[in-house]
Amino acid sequence: MEPLDTLLTWLAGRGLEIVLLILGSVLLARFVAWVGEKITDRIDARATGGDALVRSEAAKHRHSLTQVITWTLVVLIYAVAVFAVLDRAGIPIGGLVAPATVLGVGLGFGAQRIVGDVLAGFFIITERQYGFGDVVSIQVVGGVEPAEGTIEDVTLRVTRLRSANGEVVTLPNGQIVKVTNLSRDWARAVVDVPVPTTVDVNRVNEILKDVGAEAFRDQRLRPLLLDPPSVMGVETIDLEQVNVRMVARTLPGKQFEVGRDLRARVVLAFRREGLNVPSPTAAPPAGELTASAPSSADGVR
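Bear in mind the structure is a predicted one, so any value in this text is a computation, not a measurement.

## A look at helix 5 (residues 201-217)
The end-to-end C-alpha distance of helix 5 is 24 Å, a good match for the 24 Å that 17 residues give at a rise of 1.5 Å each. Those residues of helix 5 that fall on the buried side of the exposure criterion are Val-204, Asn-205, Ile-207, Leu-208, Val-211, Gly-212, Ala-215 and Phe-216. Contacts made by the buried residues of helix 5 are with strand 6 (187-196), strand 7 (230-237), strand 8 (241-250) and helix 6 (255-272). Looking at where helix 5 begins, the residue whose side-chain oxygen comes 3.1 Å from the main-chain nitrogen of Asn-202 is Asp-200.

This is how it looks when you write it as structure tokens:
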């Protein structure tokens, strides 16, 4: 009975302390996560940034920063709990220093990528390269095509975004080599309209100017535009057609919607004037679309 009495005594003393430490750390970590979630929900609810249609850059940064701080506090709580449990269990922490050093050196060589991811994530957040809700195009090491979508989560180690098809893409921060932020401060919708070389370009310019003025007067589209769309003139010349460019400054992330609307207006305006929008003779440059070739990628910058 003596071993059993010893076990019961230990459970009533240090054993109870260990259980309380584990339960306390779990509850505290969950409380921190709950508080972080409430803060981010409040930031999202109040993130108007002067316009109800988009969130401000400061709100995006606060959202990402809150997530990182929450994650760091949770890790710190569990780390302190582990050392406290080891101390209550009677395991000398000092005796673990030498083995931990050897293990740390061994893991250091294999954890170089993780360290690089964490450092890259730190600079992404502190430099405000992008944040929650941004529409971005991210090029990674060895990637042929960039990952495009809306940022859903930014931590010190990874960036998660959701593509237009609804797919969730997870990218290690250390592998990111180029980021194109399509929703920073303002964006630009670019529409290239192909017309035959036999058509009077001045007439086309006048039609596109009327289209831009009509779009800016539209009560539905006006809140998305920062100023009236402008006609830049002839952008490229081919043997059988020329491309006339029309651009519009929009709210962040709204360039795709504006671009689609402008293309539809251009087609209708050309039909009213008895003009046809021909199929392009050559593929448009990367990142651009003509009015006759709408696409789910939108082709606007």
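## With respect to the environment of Val-158
Note that Val-158 resides in strand 3 (residues 158-162). Using a relative accessible area of 5% as the deciding quantity, one classes Val-158 as buried. Considering only alpha carbons, one finds Val-158 and Gly-121, 37 residues apart in sequence, at a separation of 7.2 Å. In contact with Val-158, not counting residues within four places along its chain, are Asp-153, Thr-170, Leu-171, Pro-172 and Asn-173.

## Thoughts on the confidence of the model for the protein
Here the protein averages 77 in pLDDT, and 75% of its residues register 70 or above. Taken element by element, the protein is modelled with least confidence in helix 3 (residues 97-110), mean pLDDT 61, and with most confidence in strand 4 (residues 168-172), mean pLDDT 92. Here residues 49-53 is modelled with pLDDT under 50, and outside its nearest four sequence neighbours on either side it reaches 8 contacts, counting other chains as well. Predicted confidence is poor over residues 281-301, with pLDDT under 50, and the contacts of this stretch with residues over four places away or in other chains come to 53 contacts.

## Some remarks on the pairing of strand 6
On a regular strand, each side chain points to the face opposite its neighbour's, so the side chains alternate between the two faces of the sheet. Most of strand 6 is tucked away, with 8 of its 10 residues classed as buried. The sheet contact formed by strand 6 and strand 8 spans 10 bridges and is antiparallel. From the neighbouring strand, Val-191 faces strand 8, where its bridge partner is Met-246.

## Side note on the side chain of Asp-117
By the secondary structure assignment, Asp-117 is in helix 4 (residues 112-126). It turns out Asp-117 is buried and unbridged, and the closest side chain with the opposite charge, Arg-157, is 4.3 Å from it. Engagement of the side chain of Asp-117 in a polar contact is seen with the backbone nitrogen of Gly-174, the distance being 2.8 Å. The residues touching Asp-117, leaving out its near neighbours within four places in the chain, are Leu-156, Arg-157, Pro-172, Asn-173, Gly-174 and Gln-175.

## Remarks on the sheet that holds strand 8
Taken in spatial order, the 3 strands make up an open sheet running 6-8-7, and their pairing is antiparallel. On the outer flanks of this sheet lie strand 6 and strand 7, each paired with one strand and no other. Between one strand and the next, the sheet's axes are offset by a mean angle of 25 degrees, whatever the strand orientation. Contacts from helix 6 reach strand 6 and strand 8 within the one sheet, and its direction differs from that of strand 6 by about 25 degrees.

What counts and what doesn't
Residues numbered from 1 in each chain as written. Predicted model: local features only at pLDDT ≥ 70, side-chain atom pairs only at ≥ 80, totals over all residues. Heavy atoms only, no water. Helix = DSSP H or I, 4+ residues; strand = E, 2+ residues; numbered from the N terminus. Expected span 1.5 Å × (residues − 1). Buried < 20%, exposed > 50% of the residue type's maximum accessible area, 1.4 Å probe, protein only. Contact = heavy atoms within 4.5 Å. Polar contact = N/O pair within 3.5 Å; in protein donor to acceptor, adjacent residues only side chain to side chain. pLDDT = per-residue confidence, 0-100. Pairing = 2+ DSSP bridges. Lys, Arg positive; Asp, Glu negative; His and termini not counted. Salt bridge = Lys/Arg side-chain N within 4 Å of Asp/Glu carboxyl O. Axes fitted to C-alpha atoms, helices over the stretch in contact; angles between N-to-C directions.

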